[in-house]
Amino acid sequence: QSVLTQPPSVSAAPGQKVTISCSGSSSNIGNNYVSWYQQLPGTAPKLLMYENNKRPSGIPDRFSGSKSGTSATLGITGLQTGDEADYYCGTWDSSLSAGLFGGGTKLTVL
Amino acid sequence: EVQLVESGGGLVQPGGSLRLSCAASGFTFSSHWMTWVRQAPGKGLEWVANIKQDGSEKYYVDSVKGRFTISRDNAKNSLYLQMNSLGAEDTAVYYCARDQYCDIWGQGTMVTVSS
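This text gives an overview of the structure that appears in the document.

Thresholds, definitions, all that
- Residues numbered from 1 in each chain as written.
- Chains lettered and ligands numbered in written order.
- Predicted model: local features only at pLDDT ≥ 70, side-chain atom pairs only at ≥ 80, totals over all residues.
- Heavy atoms only, no water.
- Helix = DSSP H or I, 4+ residues; strand = E, 2+ residues; numbered from the N terminus.
- Contact = heavy atoms within 4.5 Å.
- Phe/Tyr/Trp six-rings, centres within 6.5 Å; stacked < 30°, edge-to-face > 60°.
- Buried < 20%, exposed > 50% of the residue type's maximum accessible area, 1.4 Å probe, protein only.
- Pairing = 2+ DSSP bridges.
- Salt bridge = Lys/Arg side-chain N within 4 Å of Asp/Glu carboxyl O.
- Axes fitted to C-alpha atoms, helices over the stretch in contact; angles between N-to-C directions.
- Buried area = accessible area lost by both parts, 1.4 Å probe.
- Nonpolar A, V, L, I, M, F, W, Y, C, P; charged D, E, K, R; others polar.

All right, on to the environment of A98 of chain A then. Among the secondary structure elements, A98 of chain A is positioned in strand 8 (residues 98-101). If we ignore the near neighbours within four places in the chain, the residues touching A98 of chain A are W92 and D93 of chain A together with W47 and Y60 of chain B.

To describe a pair of aromatic rings, one takes the distance between the centres and the angle between the planes. What the rule picks out here adds up to nine aromatic pairs over all chains. Measuring from ring centre to ring centre gives 5.3 Å for W92 of chain A and Y59 of chain B, while their planes differ by 80°; the resulting arrangement is edge-to-face. Residue W92 of chain A is located in strand 7 (residues 85-93), and its partner Y59 of chain B is located in strand 6 (residues 58-60); the two belong to separate chains. By relative accessible area, which is 23% here, Y59 of chain B ends up partly exposed. Seen from their ring centres, F27 of chain B and F29 of chain B are 6.5 Å apart, and the 50° between their planes marks the pair as tilted. Through pairs of rings, three or more aromatic residues link up here, namely Y37 and F101 of chain A together with Y95 and W105 of chain B.

It is worth spelling out the environment of S97 of chain A at this point. Mapped onto the fold, S97 of chain A is located in the loop between strand 7 and strand 8. Beyond its immediate chain neighbours, meaning those up to four positions away, S97 of chain A contacts W92 of chain A together with Y59 and Y60 of chain B.

Time to look at the pairing of strand 5 (residues 63-68) of chain A. All names here are of chain A. Where strand 5 meets strand 6 (residues 71-76), six bridges bridge the pair, whose relative direction is antiparallel. Counted as the bridge partner of F63 is I76 from strand 6. If you look at the hairpin formed by strand 5 and strand 6, you'll find two residues sitting between the two strands, and G69 has a positive phi there, around 60°.

All names here are of chain B. Along the polypeptide, F68 turns up in strand 7 (residues 68-73). Separated by 18 residues in the primary sequence, F68 and L86 have C-alpha atoms spaced 9.1 Å apart. In this structure F68 touches R38, V48, Y60, L81, Q82, M83, N84, L86, D90 and Y94, once residues within four positions along its chain are discounted.

Residue and element names in this part refer to chain B. Per the counting criterion, the structure on display carries nine salt bridges over all chains. Note that D99 is salt-bridged to R98, the shortest N-O span being 4.0 Å. On the accessibility criterion, D99 (12% relative accessible area) is buried. The residue D103 makes a salt bridge to R98 at a minimum N-O spacing of 2.6 Å. R98 sits in the buried class, given a relative accessible area of 12%. Residues joined in a network through salt bridges with shared partners are R38, E46, R67 and D90.

Residues and elements named next belong to chain B. The strand order across the open sheet formed by four strands is 1-3-8-7, and the pairing between neighbours is antiparallel. A single partner strand is all that each edge strand has here, and the edge strands are strand 1 (3-7) and strand 7. Neighbouring strand axes in the sheet, compared pairwise and without regard to direction, differ in orientation by 15° on average. Of the strand pairs in this sheet, strand 7 and strand 8 (residues 78-83) are connected by six bridges, and their pairing is antiparallel. If you follow D73 over to strand 8, its bridge partner there is S78.

Attention now moves to the interface of chain A and chain B. Across the boundary between the two partners, chain A contributes 16 residues, which contact 16 residues of chain B. With both sides pooled, the region where chain A packs onto chain B buries about 1,300 Å², and carbon together with sulfur makes up 67% of that total. Sorting the residues of chain A by area buried against chain B places P45, W92 and F101 of chain A first, and these three jointly supply 35% of that buried surface. Between chain A and chain B we count zero salt bridges in total. Mapped by element, the contributors of at least two residues to the side of chain A that touches chain B are strand 3 (34-39), strand 7 and strand 8 of chain A. When residues in the side of chain A that touches chain B are grouped by element, the largest group, four residues, is from strand 8 of chain A. Class assignment of the residues belonging to the side of chain A that touches chain B gives a composition of ten nonpolar, six polar and no charged.

Put into structure tokens, the structure is as follows:
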């Protein structure tokens, strides 16, 4: 069981909006930056968001990130079938002195 | 082009050892933390270890402490993961990634621990 908790799955229709939550504690999310990753089937993960809400070059503004206290959220608007993937949050844990990933959330675009 | 290419994976017997390599190109390797992440078949991502630019700081997930060693050779633009006392639970695709927030990923190399 992951220290960072994500919902196993979320779903929404094309064109709609979805949010994915990532819950942690003061030793990880509460005091460190959060990143988000997209993993399409059969491929390596790809960075979607870093430092809570910054998008790397090439990531569309349909993707957004936020953090409040010990939780973080990834938002995706204007859903496309190509967004179907597994999404992971990640951060550092200052108590463990180790990195962490959430358990992952499978997004289905119905 | 910024690129990371892992190699060294394969089939190894329980209790055996393996050394993974990650070749970096297209960026100043010596200026970045580097990270190893693994993914067991059908499972999520697991952070394994990371190393500071000059190798002076190294961190590991508890499950590999004492068995795995992360290292780097900045002159060769290469990252390594020495894995000893391997068990079935270490079976996974191993990815190297740039920086602590993993902005660039390699394609991964598969490690299978089985008799």
